[in-house]
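Observations on chain architecture
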Amino acid sequence: MTRVAAVDCGTNSIRLLVADATVLNSASGAVATGELVDLDRRMTIVRLGQGVDRTGRLAPEALERTFAACREYAAIIKEHGAERVRFVATSASRDAENRDEFVRGVIDILGVEPEVITGDEEAEFSFTGATKELAGRADLHRPYLVVDIGGGSTEFVVGEEHVRAARSVDVGCVRMTERHLVRDGVVSDPPSEEQIAAMRADIEAALDLAEETVPLREARTLVGLAGSVTTVSAIAQDLPEYDSTRIHHSRVTRDRVREITDWLLHSTHAERAAVPSMHPGRVDVIAAGALVLLSIMERIGAEEVVVSEHDILDGIAFSVAAGG
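Residues numbered from 1 in each chain as written. Predicted model: local features only at pLDDT ≥ 70, side-chain atom pairs only at ≥ 80, totals over all residues. Heavy atoms only, no water.

As for the overall build of the protein chain
Scanning the protein chain from N- to C-terminus turns up 13 helices and 13 strands. For a compact globule of 324 residues, the expected C-alpha radius of gyration is about 20 Å, and the protein chain comes in at 19 Å, within 12% of that figure. For the protein chain, the residues scored as buried account for 55% of the 324 residues in total. Excluding contacts between residues fewer than 6 apart, the proportion of contacts in the protein chain whose partners are at least 24 apart in sequence is 69%. As presented, the protein chain carries roughly 13300 Å² of accessible surface, and 48% of it is formed by carbon and sulfur atoms. Here the protein chain holds 34 positive side-chain charges and 54 negative ones, and the gap between their average locations is 1 Å. (Helix = DSSP H or I, 4+ residues; strand = E, 2+ residues; numbered from the N terminus. Rg over C-alpha atoms; globule rule 2.2 N^0.38 Å. Buried < 20%, exposed > 50% of the residue type's maximum accessible area, 1.4 Å probe, protein only. Contact = heavy atoms within 4.5 Å. Areas by Shrake-Rupley, 256 points an atom, 1.4 Å probe, with all protein chains shown as cover. Lys, Arg positive; Asp, Glu negative; His and termini not counted. Charge placed at Lys NZ, Arg CZ, Asp CG, Glu CD.)

Observations regarding the pattern of salt bridges
Evaluated as defined, the whole model comprises 32 salt bridges. Ionic pairing is found between Glu204 and Arg200, a salt bridge with its closest N-O pair at 3.1 Å. Here Glu204 pairs with Arg200, and both are found in helix α7 (residues 193-211), just 4 residues apart, close to one helical turn. Arg272 serves as the salt-bridge partner of Asp284, at 3.7 Å between the closest nitrogen and oxygen. Of the two residues, Asp284 is situated in the loop between α11 (269-273) and α12 (286-300) and Arg272 in helix α11; the sequence distance between them amounts to 12 residues. Where salt bridges share partners, they join Arg200, Glu204, Asp208, Glu211, Arg217, Asp255, Arg258, Glu298 and Arg299 into one cluster. (Salt bridge = Lys/Arg side-chain N within 4 Å of Asp/Glu carboxyl O.)

Details of the sheet that holds strand β7 (residues 154-159)
One open sheet accounts for 6 strands, arranged β8-β7-β6-β11-β13-β12; its pairing is mixed. The two strands at the open ends of the sheet, each matched to only one other strand, are β8 (163-169) and β12 (251-253). Neighbour-to-neighbour, the strand axes of this sheet turn through a mean angle of 25°, independent of strand direction. Strand direction decides the pairing type here: strand β6 (residues 144-149) and β7, joined by 6 bridges, are antiparallel. By the bridge assignment, Ile149 is partnered in β7 with Thr154. (Pairing = 2+ DSSP bridges. Axes fitted to C-alpha atoms, helices over the stretch in contact; angles between N-to-C directions.)

Details of the packing of helix α2 (residues 60-80) against helix α4 (residues 99-110)
The contact between α2 and α4 brings their axes to 9 Å, and the two run at 25°. One way to sum up the angle between α2 and α4 is to call them roughly parallel. Note on packing geometry: the crossing formed by α2 with α4 is right-handed. Residue-level contacts link Leu63, Thr66, Phe67, Cys70, Arg71, Tyr73, Ala74 and Ile77 of α2 to Glu101, Phe102, Gly105, Val106, Ile109 and Leu110 of α4. (Parallel < 35°, antiparallel > 145°, perpendicular 65-115°, else oblique. Left-handed = near helix turned anticlockwise from the far one by under 90°.)

Description of the side chain of Asp20
Take Asp20: it is sitting in strand β2 (residues 13-26). A polar atom in the side chain of Asp20 sits 2.9 Å from the side chain of Arg3. Setting aside anything within four residues of it in sequence, one finds Asp20 in contact with Met1, Thr2, Arg3, Glu35, Leu36, Val37 and Leu39. (Polar contact = N/O pair within 3.5 Å; in protein donor to acceptor, adjacent residues only side chain to side chain.)

Considering helix α13 (residues 312-321)
The buried count for α13 comes to 10 of 10 residues, which makes it a mostly enclosed element. Ile312, Leu313, Asp314, Gly315, Ile316, Ala317, Phe318, Ser319, Val320 and Ala321 are the residues of α13 that are buried.

A closer look at the environment of Val158
Inspection of the secondary structure puts Val158 in strand β7. Judged by its relative accessible area of 0%, Val158 falls in the buried class. As for Val158 and Ala59, which are separated by 99 residues in sequence, their C-alpha atoms are 35 Å apart. With residues up to four places along the chain from it excluded, the contact list for Val158 reads Phe127, Pro143, Tyr144, Leu145, Val163, Arg164, Ala165, Val214 and Pro215.

What to know about the environment of Trp263
Its place among the elements puts Trp263 in helix α10 (residues 254-265). On a C-alpha basis, the gap between Trp263 and Arg86 in space is 39 Å, while along the polypeptide they are 177 residues apart.

A closer look at the nonpolar core
Ranked by internal contacts, the top residues of the largest apolar core, which has 48 residues, are Leu145, Phe156, Met199, Leu222, Leu264, Leu293 and Ile296. Top element by residues in this core is α12. It accounts for 11 residues. Leave out the neighbours within four places in its chain, and Leu222 touches Leu145, Val147, Ile296, Met297, Ile300, Ala302, Glu304, Val305 and Val306. Formed by 28 residues, the second largest nonpolar core is a distinct cluster that contains Cys9, Ala69, Ala74 and Phe87. (Core = buried A, V, L, I, M, F, W, Y, C linked by side-chain atoms within 4.5 Å.)

Structural notes on the confidence of the model for the protein chain
Per-residue pLDDT for the protein chain has a mean of 90; in total, 96% of the residues score no lower than 70. The secondary structure element of the protein chain with the lowest average pLDDT is helix α3 (residues 91-95), at 72, and the one with the highest is α10, at 98. Low pLDDT (under 50) marks residues 26-32, which in the prediction has 13 contacts with non-local residues, meaning those over four places away or in another chain. (pLDDT = per-residue confidence, 0-100.)

Some details on unusual backbone geometry
Residue Pro143 is reached from Arg142 by a cis peptide bond, and omega for that bond is 0°. Among the structural elements, Pro143 can be located in the loop between α5 (119-131) and β6. Along the chain, Asp189 connects to Pro190 via a cis peptide bond; the corresponding omega equals -5°. Relative to the helices and strands, Pro190 is located in the loop between β10 (186-187) and α7.

Spelled out as structure tokens, the structure:
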């Protein structure tokens with residue numbers, strides 16, 4: 001067993017996983033198996049990508065929120081005595097002109113340099129994290145299409161045991177909200193039909209782009225990752241609070257996703273905030289995230305989505321355990 005810490009810093013949230021990983025040593029090197037024992041798994045909404053699509057820069061207040069979360073995570077990592085730490089940063093920090101300021105801050109706090117990975121690398125980690133534990137499931141057929149709907153981008157990965165094709169496109173719940181649903185600095189409450197149509201057209205264009213390199217329609221099992229998807233599952237189950245054990249590997253039909261998306265797009269901020277399983281940081285961006293999910297399901301004809309709580313964070317942890 002190797003104790004590792006993985007940090008995933010995205011556009012909307014930063015997440016930590018401290019876990020014990022089973023590692024097998026062979027002549028070809030260490031290999032992480034499909035077993036992770038969680039010691040601490042948590043998420044903080046920091047909105048690092050606030051305004052990046054418009055300004056091209058990370059906002060000072062967004063950086064400070066992120067650094068505050070990093071200080072909290074540093075204490076947890078030290079408390080658990082993790083032997084190895086890997087910090088991966090995704091879409092917002094990849095796009096920002098002042099990303100060096102972000103990198104210096106993380107090094108000062110955590111002592112490790114954040115790896116500002118490419119969209120393709122992001123997709124690889126997501127696929128590994130989501131599918132390692134699905135091996136041998138007779139009720140889930142390959143190939144898988146793993147879809148990770150983030151704040152700034154969405155990753156599409158098709159594969160069986162290993163990745164066959166992957167693509168990252170710039171449609172995420174924060175980016176779509178800021179691009180289409182904000183007027184005069186305020187999220188429309190609710191948005192107009194014109195705003196919804198423009199957002200849908202943007203998503204469809206991104207799906208066209210993804211299909212140029214990823215055979216989306218060949219998938220036999222759709223696996224959905226990240227907060228937009230897990231929140232849709234929580235709403236579908238009418239959970240009295242967010243419960244990851246009930247959400248992990250739940251299944252939501254396309255018709256139910258359509259009903260929930262329609263309600264989210266036509267609800268007010270107060271109505272969405274009243275949903276007991278809704279994280280406060282997702283209230284304004286969940287409608288866009290749900291529409292991305294619905295658009296994908298309609299495009300590929302998926303009757304249901306298998307929801308996974310294990311994603312890029314788990315993939316990062318596996319890579320750390322294997323010495324990556």
